[in-house]
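Fold and contact review
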Amino acid sequence: YLFCHGEMTRLFIERISASKGIIILDRENSHYVRNVLRFSRGDKLTVFNGTGREYVCTVFSLTENVTLSIADVVESHIKPLKEIILLQGLLKGRKMDIVVRKATEIGVGSIVPVVTERSRIRSTSKVLRWRKIAMEASRQCRRTDVPNVSHPIDADDLFTDFLSRYPDALKVVFYENGKTPVGDFRKQIREAKTVIILVGPEGGLSDGEVETLAGAGFKVAGLGDFILRAETASLISAGIIQYISGQFG
């Protein structure tokens, strides 16, 4: 995946193999550098893999597997202050695209689509697309990490497996009939290392689902009197968490 950042082209490689000051690109990335970008020997680019380390390189060889010479290694720490995991009721069409892109820009660390009672779609083949969108959005907002976008899970898996991995996380479900402002949880949000937020799909969450979530330790919060579209609610929810955490000033 190739991006232009100022005058320096950025190349995303999920697995970077650097040895003795050299990076050898695989066939696909070699094709892009050689035939799409039409780079010449000596041209500069930055290689990154979303872990915070970036390699400033020059093109050394344009053979079948392009070879890059590492000029500098930069440890960048433009990352969110808090780990936020967004459990998103699976949305149809391009709505998930919007959520993935904007949630990445806001600083969400992981996005987990969840199939709920009112989800209009029950499965999808778009996970790879969403992961690419997250990569692009990370580059755009200068994040050096890339959010993980999971395959959709059923609500049953949420309770039997997923939540058990985060026993100390603060869990908040945003519900259109929720009466408690999220600001009432300000202290818990600031103190938590990980915040899990759940927002329903287009049809919202059922009363039964919210009751089950509350029983599993979720705080039930509202977003005011307006009825928001699902994708809007997700982004506002994540933005509020980040604001309270100090990410936005």
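Look up a bit, the structure's there.
Note that the coordinates shown come from a computational prediction; the quantities given were computed from them, not determined experimentally. (Residues numbered from 1 in each chain as written. Predicted model: local features only at pLDDT ≥ 70, side-chain atom pairs only at ≥ 80, totals over all residues. Heavy atoms only, no water.)

Re the pattern of salt bridges
What the rule picks out here adds up to 10 salt bridges. With its nearest N and O atoms 2.5 Å apart, the salt bridge here joins Arg-129 to Asp-97. In this pair, Arg-129 sits in helix H3 (residues 127–140) while Asp-97 sits in helix H2 (residues 95–106), placing the two residues 32 residues apart along the sequence. A residue is classified by how much of its surface remains accessible, and Asp-97, at 7% relative accessible area, is buried. Two residues, Arg-165 and Asp-161, come together in a salt bridge whose shortest N-O distance is 2.8 Å. Each of Arg-94, Asp-97 and Arg-129 takes part in one network of salt bridges that share partners. (Salt bridge = Lys/Arg side-chain N within 4 Å of Asp/Glu carboxyl O. Helix = DSSP H or I, 4+ residues; strand = E, 2+ residues; numbered from the N terminus. Buried < 20%, exposed > 50% of the residue type's maximum accessible area, 1.4 Å probe, protein only.)

With respect to helix H6 (residues 207–215)
If you check which residues of H6 are buried, you get Glu-209, Val-210 and Leu-213. Considered in projection along H6, the buried side chains sweep an arc of 95° and stay on one side of the axis. Residues Asp-207, Glu-211 and Gly-215 are exposed on H6 and point more than 90 degrees away from its buried face. Positive backbone phi, at 100°, marks Gly-217, one or two positions downstream of H6. (Arc of directions from axis to C-beta.)

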